[in-house]
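Listed below are the residues making up each chain.
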Amino acid sequence: MNSTSVRRHCPIMSLVLAMGACVFVQGQENNPEGNEESSAPPTIAERVKDLQKHEGLLTFYTDTRKGKVLLELPAAQGPRGLLGEYLYIEGLLQGLGSNPVGLDRGKLGPDRLVHFRHVGGRVLIEHINLRYRALSDNQDEQNAVRQSFATSVIWAGEIEIEDPDGRLLIDFTSFLVRDAHNVVTTLKRSGQGSYSLDEKRSVIDLVNCLAFPENLEFEAVLTFAGSEPGRDVRSTTPTPESISLVQHHSLVKLPDSNYRPRKHDPRVGCNAMRFLDYATPLGQPLEQRWINRHRLEKVDPRASQSRVKEPIIYYVDRGAPEAIRNALVEGGNWWAEAFEKAGFTDAYRVEVMPAGAHPLDVRYNMVQWVHRSTRGWSYGGSISDPRTGEIIKGHVSRGSLRVRQDILLFEGLAGVAKTGSGDPDDPVELALARIRQLSAHEIGHTLGFAHNFAASTYDGRASVMDYPAPLIGIENGELDFSDVYGVGIGSWDIHTVRYAYSQFKPNADEDEQLAKIVRDGLDAGYRFMSDSDARSLGSAHPLAHLWDNGDDPVEALNLSMRVRRIALDN
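Counting starts from 1 at the beginning of each chain's written sequence and moves along it residue by residue. Local features in a predicted model are, by the rule used here, given only for residues with pLDDT of at least 70; side-chain atom pairs are given and counted only at 80 or more, and totals for whole chains, interfaces and linings are based on all residues. Neither water nor hydrogens contribute to the side-chain values; these are computed over all heavy atoms in the structure.

Trainee: Describe the overall build of the protein, with residues and values.
Mentor: The helix and strand labels rest on DSSP assignments: H or I over at least four residues marks a helix, E over at least two residues marks a strand, and numbering proceeds from the N terminus. Along the protein, the regular secondary structure elements total 15 helices and 26 strands. With respect to the three principal axes, the spread of C-alpha positions in the protein is 115 × 60 × 45 Å. Burial classification: accessible surface area is computed with a 1.4 Å probe over protein chains only, and a residue below 20% of its type maximum counts as buried, one above 50% as exposed, and the rest as partly exposed. Across the 570 residues of the protein, 47% fall into the buried class. Taking all contacts inside the protein whose residues are at least 6 apart in sequence as the whole, residues at least 24 apart take part in 69%. In short, Shrake-Rupley with a 1.4 Å probe defines the accessible areas, and a residue's cover is counted only from the protein chains shown. About 28600 Å² of surface is accessible on the protein, with carbon and sulfur atoms providing 50% of the total. Contacts were defined at the residue level, with two residues in contact if any of their heavy atoms lie within 4.5 Å.

Structure, rendered in structure tokens:
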């Protein structure tokens, strides 16, 4: 059959052939020499010329019409196609509001060292495995460890454009609009139903995609669709079959190499990171432990007392009510005394968050006020450099209902007549005293310190890192509320700050100086007993009891029973 009969019997084919002829003729007219220059791929500049540009740690572009983010990456370096390495953190800006589920406002995911790599025509984001290392200058030794253990590629994307100089442009949208916080798994594990991410109802909030010199910040509204929602989901969402949360992503410049890790000592209450070092000499342990701490450097390292290059500042959520906000600031500032005694001047402070600052921005150590539908715990976490243990951002989540429950407890003991009076036995004032103590406690975790449940057994109240039961006395047959909670940090807290943060003179032997601090604590009679000594029935120690006062648990129990009797009689 010739082309004439095809056109006669098939109108669609006729159109295709006609268009083909048209294109062919047009091509001949415009490019008679057969030059293919007109079909050359566009450059990055041509692709993004109509998009909004954001310059910072990396350059990215937002397409408001299509709701996309395009990320520009530098040319690859080295044999593995490395485009850059960054600290990656994700978290929830807007949570579910249920303590048992745990998807809270301000909840952060783990710290990840990620490599962007150009491999096989795609860009991979690879989570680097730092559990196994070789602390050696021998590259072959390092490669042997790296190649022995798996990494995790957490995303792969197509390259839209590669410029002649090697720069790449990728569509970053699918990385941002994904369940990075494992919401689906969390909902299923907590018995709240079977959900999946609905991509049609999930979008990037382009207004809150921000570029700074040392970090990039992105936000996405994620909607999860499901059936048979659990009780906690039904109690917190207007339409339980549709859960919409706001997820935040941060890409952060890695700290420089001037930070020096500090070894962990189990006799001092510091949290630690752990890894195996396969370059360790034979006869020495593979496991290495470095404490988590902020970087703090003196202006004059030779001085016993000096100002610092950059102070540690914590910011309190502007969303907390004023009375609570003031209590959080006041209690958090107790730690300033410990840093002063460790040789630092004006090294630490707590203040209210500046207007317009983002609570998940890694530049701000944060005390965040979190609402839930039911009472739940507060907790202090941190973002650390997974290579060294250096704390980059401290982040406290402070549950809002706890203070109201404390008021009810004190009203049960003291009655309601004094509520709001401002007197020492006012349940509101007593609850605010607990807020101050808890602010110091949770910030202490983000400074790098663990619980010490034995601190209540020596030197009065030796640490804000203990769990304090309200110390209610009895005076003339009546309840005495004059010393319910301690004020200020304790001697143990000063001891731990000395170990974690002291900066020794340039020619000093750090190991020797640290050993001296440990001996000073032992000579002072300090005891350290944490969660592993207190919570498990198999390892419970009487001096590590939670919610107690004093060094005699029987005497403390008898006092509590007498207080209870008076309260019930009233």
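Following the structure, the description resumes.
Trainee: Tell me about the sheet that holds strand β15 (residues 272-277), and please be specific about residues and values.
Mentor: Between any two strands, pairing holds if DSSP finds at least two bridges. On the basis of which strands lie adjacent, the open sheet formed by three strands has the order β7-β15-β16 and mixed pairing. Two strands lie at the open edges of the sheet, namely β7 (132-133) and β16 (287-291), each paired on one side alone. Pairing between β7 and β15: two bridges, direction parallel. Its bridge partner lying in β15, Arg 133 is registered against Asp 277.

Trainee: Outline the pairing of strand β23 (residues 379-384), supporting the account with residue identities and numerical values.
Mentor: Here β23 pairs with strand β24 (residues 390-399) via six bridges, running antiparallel. For Ser 382, the partnering residue across the bridge sits in β24 and is Gly 394. Counted between consecutive antiparallel strands, the loop separating β23 from β24 contains five residues, among which Gly 389 sits at a positive phi close to 90°.

Trainee: Explain the pattern of salt bridges to me, using residue names and the numbers behind them.
Mentor: The salt bridge definition used is simple: a Lys or Arg side-chain nitrogen within 4 Å of an Asp or Glu carboxyl oxygen. Taken as a whole and assessed by the stated rule, the structure comprises 34 salt bridges. Linking Arg 349 and Glu 351 is a salt bridge whose minimum nitrogen-to-oxygen distance equals 3.0 Å. Salt bridges linked by common partners bring Glu 72, Asp 163, Asp 165 and Arg 167 together as one network.

Trainee: Lay out the packing of helix α12 (residues 491-501) against helix α13 (residues 510-523) with the relevant residues and their values.
Mentor: For helices, the axis comes from a line fit to the C-alpha atoms of the stretch in contact; other axes are also lines fit to C-alpha atoms, and the angle between any two N-to-C directions lies between 0 and 180 degrees. Viewed as axis vectors pointing N to C, α12 and α13 meet at an angle of 170°, and their least axial separation amounts to 9 Å. The angle between α12 and α13 falls in the class roughly antiparallel. Across the interface between the two elements, His 495, Arg 498 and Tyr 499 of α12 pack against Leu 514, Ile 517, Val 518, Asp 520 and Gly 521 of α13. Put simply, Ala, Val, Leu, Ile, Met, Phe, Trp, Tyr, Cys and Pro go in the nonpolar bin, Asp, Glu, Lys and Arg in the charged bin, and everything else, Gly too, in the polar bin. Residues belonging to the contact of α12 with α13 are distributed by class as follows: four nonpolar, two polar and two charged. Any angle that falls under 35 degrees is termed roughly parallel, while one over 145 is termed roughly antiparallel, one within 65 to 115 roughly perpendicular, and all others oblique.

Trainee: Break down the nonpolar core for me, citing the residues and quoting the values.
Mentor: To define a nonpolar core, start from buried Ala, Val, Leu, Ile, Met, Phe, Trp, Tyr and Cys residues and group those joined through side-chain atoms within 4.5 Å. By size, the foremost hydrophobic cluster in this structure holds 46 residues, and its most contacted members are Trp 335, Phe 339, Tyr 348, Ile 443, Leu 447, Phe 449 and Tyr 501. Considering each element in turn, this core owes the most residues, six residues, to helix α11 (residues 427-447). Once residues within four sequence positions are removed from consideration, Tyr 348 is found in contact with Ile 312, Tyr 314, Gly 332, Asn 333, Trp 335, Ala 336, Phe 339, Ile 443 and Leu 447. Ranked by size, the runner-up nonpolar core spans 40 residues in total, among them Leu 168, Phe 175, Leu 216 and Phe 224.

Trainee: Give me the side chain of His 264: which residues, what numbers.
Mentor: Inspection of the secondary structure puts His 264 in the loop between β14 (242-252) and β15. Using a relative accessible area of 17% as the deciding quantity, one classes His 264 as buried. In the analysis that follows, any N or O atom pair within 3.5 Å is treated as a polar contact, provided that within protein one partner can donate a hydrogen and the other can accept it, and provided that, for residues neighboring in sequence, both atoms belong to side chains. Of the polar contacts made by the side chain of His 264, one reaches the backbone oxygen of Cys 270; its length is 3.2 Å. Excluding residues that lie within four positions of it along the chain, His 264 makes contacts with Cys 270, Ala 272, Arg 289, Trp 290, Ile 291 and Tyr 499.

Trainee: Let's hear about the pairing of β15: which residues, and what values?
Mentor: For β15 and β16, the ladder comprises five bridges, and the chain directions are antiparallel. The partner of Arg 274 across the bridge, within β16, is Arg 289.

Trainee: Explain the packing of helix α8 (residues 322-332) against α11 residue by residue, including any values.
Mentor: The interhelical angle for the contact between α8 and α11, taken along N-to-C directions, is 50°, at an axis separation of 7 Å. If you check the angle between α8 and α11, you find them oblique. In the packing of α8 onto α11, the handedness of the crossing is right-handed. On α11, the residues touching Ala 323, Ile 324, Ala 327, Leu 328, Glu 330, Gly 331 and Gly 332 of α8 are Leu 432, Ile 435, Arg 436, Ser 439, Ala 440 and Ile 443. When its residues are assigned to classes, the contact of α8 with α11 shows eight nonpolar, three polar and two charged. By definition, any crossing whose near helix is turned counterclockwise from its far helix by less than a right angle is left-handed, and any crossing with a clockwise turn is right-handed.

Trainee: Kindly report on the side chain of Arg 398, identifying the contributing residues and their values.
Mentor: On the secondary structure map, Arg 398 appears in strand β24. A residue counts as positive if it is Lys or Arg and as negative if it is Asp or Glu; His and the chain ends are not included. Although buried, Arg 398 forms no salt bridge, and the nearest oppositely charged side chain, Asp 406, lies 5.5 Å from it. Of note is the side chain of Arg 398, whose polar atom sits 3.2 Å from the side chain of Ser 378. When neighbours within four sequence positions are excluded, Arg 398 is seen to be in contact with Leu 328, Gln 368, Trp 369, Val 370, Ser 378, Ile 435 and Leu 438.

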